[in-house]
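Structural overview
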Amino acid sequence: MWTEQWSVLTFVHENRLCYLTYRFLSYFFAMSDIPSIAPFSKENNPNMRVLEAGYTLYNLHQVLPVARENHFGVIAVNQRSKYIIQASCEAAWQERSPIILECAESEISYCNLPPSLLSDLVHDEISKMIKKYGYAVPVVLHLDHIQKDLTLIDRGAAAGFSSCEVDLSRLPMEENIKGSQEIVRKMHPLGISVEVEEGEVGFAAALKDMQNVENYYTKVEDAYKLVEATRPDALAI
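What you are looking at is a predicted structure, and each value in this text was computed from that prediction instead of being measured.

On to the overall build of the protein chain, then. For the protein chain, the count of helices and strands is nine helices and six strands. Across the 237 residues that make up the protein chain, the buried fraction comes to 52%. If you sum the accessible surface of the protein chain, you get close to 11,300 Å²; carbon and sulfur atoms cover 53% of it.

Moving on, we come to the nonpolar core. Membership of the largest hydrophobic core comes to 59 residues, with the highest contact counts inside it found for W93, L118, I126, V139, C164, M187 and V194. Apart from the residues lying within four places of it in its own chain, the contact partners of I126 are L51, Y55, L57, W93 and V139.

Okay, the packing of helix 3 (residues 82–95) against helix 5 (residues 115–133) next. Running from N to C, helix 3 and helix 5 point in directions that differ by 35 degrees, and their axes come no closer than 10 Å. Read as a crossing pair, helix 3 and helix 5 show a hand that is right-handed. Across the interface between the two elements, K82, I85, Q86, C89, E90, W93 and Q94 of helix 3 pack against L118, L121, V122, E125, I126, M129, I130, K132 and Y133 of helix 5. Taken together, the residues of the contact of helix 3 with helix 5 break down into ten nonpolar, two polar and four charged.

Moving on: the sheet that holds strand 1 (residues 75–78). If you trace the six strands from one edge of the open sheet to the other, you get 1-2-3-4-5-6, paired in parallel fashion. The two strands at the open ends of the sheet, each matched to only one other strand, are strand 1 and strand 6 (234–236). Going from strand to strand, the sheet's axes swing by 25 degrees on average, the running direction of each strand aside. Bridge count for strand 1 against strand 2 (residues 99–104) is four bridges, and the pairing is parallel.

Moving on to the environment of A53. Positionally, A53 belongs in the loop between helix 1 (22–25) and helix 2 (60–69). It is 9.5 Å that separates the C-alpha atoms of A53 and A136, two residues lying 83 residues apart in sequence.

Next up on the list: the confidence of the model for the protein chain. With 83% of its residues at a pLDDT of at least 70, the protein chain reaches an overall mean of 87. Across residues 1–24 the pLDDT falls below 50, and counting only partners more than four positions away or on other chains, this stretch makes 67 contacts in the model.

The element strand 2 is largely enclosed, with a buried count of six among its six residues. Where burial is concerned, the two faces of strand 2 agree: the one with I99, L101 and C103 and the one with I100, E102 and A104 are both buried. Read as a crossover between parallel neighbours, the route from strand 1 over helix 3 to strand 2 is right-handed. Relative to strand 3 (residues 139–146), strand 2 runs parallel, the two sharing six bridges. Residue I99 lies in a different strand from strand 3, and its bridge partner there is V139.

The rules we used
Residue positions within a chain follow its written sequence, with the count starting from 1. Residues qualify for local features only when their pLDDT is at least 70, as the model is predicted, and side-chain atom pairs are given and counted only at 80 or more; totals for whole chains, interfaces and linings, by contrast, use all residues. As a rule here, side-chain values come from all non-hydrogen atoms in the structure, and water together with hydrogens is ignored. Working definition: helices are DSSP H or I runs of at least four residues, strands are E runs of at least two. Numbering for both runs from the N terminus. Remark: exposure states derive from per-residue accessible area (1.4 Å probe, protein chains only) relative to the maximum for the residue type, with buried under 20%, exposed over 50%, and partly exposed in between. Each accessible area value is a Shrake-Rupley result obtained with a 1.4 Å probe; residue values ignore everything except the protein chains displayed when judging cover. We define the nonpolar core as a collection of buried residues of types Ala, Val, Leu, Ile, Met, Phe, Trp, Tyr and Cys that are connected through side-chain atoms lying within 4.5 Å of one another. Should any heavy atoms of two residues lie within 4.5 Å, those residues are counted as being in contact. Angles run from 0 to 180 degrees between N-to-C directions of axes, and those axes are lines fitted to C-alpha atoms, restricted for helices to the stretch in contact. In this scheme, a crossing is called left-handed if the near helix is turned counterclockwise away from the far one by less than a right angle; it is called right-handed if the turn is clockwise. Residues are sorted three ways: Asp, Glu, Lys and Arg are charged, Ala, Val, Leu, Ile, Met, Phe, Trp, Tyr, Cys and Pro are nonpolar, and all the rest, Gly among them, are polar. If DSSP finds at least two bridges between two strands, the strands pair. A score from 0 to 100, pLDDT tells how confident the predictor is in each residue. By definition, the crossover connecting two strands over a helix is right-handed if that path, from the first strand to the second, turns clockwise as seen with the strands pointing away from the viewer.

Shown next as C-alpha cells:
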C-alpha cells in the first residue's frame, strides 16, 4: 500500500488551515442535492491521464482523509516553473510523501503556465520519478484561487487536473454559494475535487486595517453555511 510509504509533514499553505476532510464534513451532506464526488477514473473522466504501471493523479478526496486518519499534513507547493516542479517532485519522492502541486489564477499568466502546459510538465516529471525511484507517490494537481475567470477550471479539467479551488470569498455569501455550487456540480461527476473559500486570507484591505483585522476573519456560521450548501472536498478559511 502506498499509504505505508508516507512520511509525516507539517501542513503549510499560506500560513493557514486550509482544509477539512470529507470525513469531518460528511454529516453536513445527507440532504444535499449537490453530487458527491465520483471516483477519479478514466471511466468518469476521459481527460484523466494514465502513466506507467497505471499511475494516475489523486484528488483531495483521496489524500486528505488518509492524512487525517494517520495524523499528518500534506504540503501544497505553488508551481511557477519547470524547475519548481522538478524540485517538488524530487522532494516528495525522496520523502515518500504525498504532495499537492498547485498554481493560482494570478500565477498562470505571469508565469506563462496555462493549465495544459502545467499538466504536461507535471505528468512528464511524475513519469521520470517513477522510472528513477521505482515506486509511486500520490500527487494532486490543483488549480488554486480561481476567482475571476472560472473557465480556467474547465480548462484545467480538460488538461487532466485532479483538483481545483473556486474562490468567490470576496462576493456576498449567496453569490459565493451559487457560483461554488455550479463548479461542484460540474467537477464532482468527473472525480475532480473542489475546494471552496470563505473569509480573510490576506486581503489588502485587512492588512491596512490591522486594528480591526478580526472583522475580516472567517465567521464559523458563514463557513458552516458555505459547506452545507456546496458539499466541497476542502474548505479554505
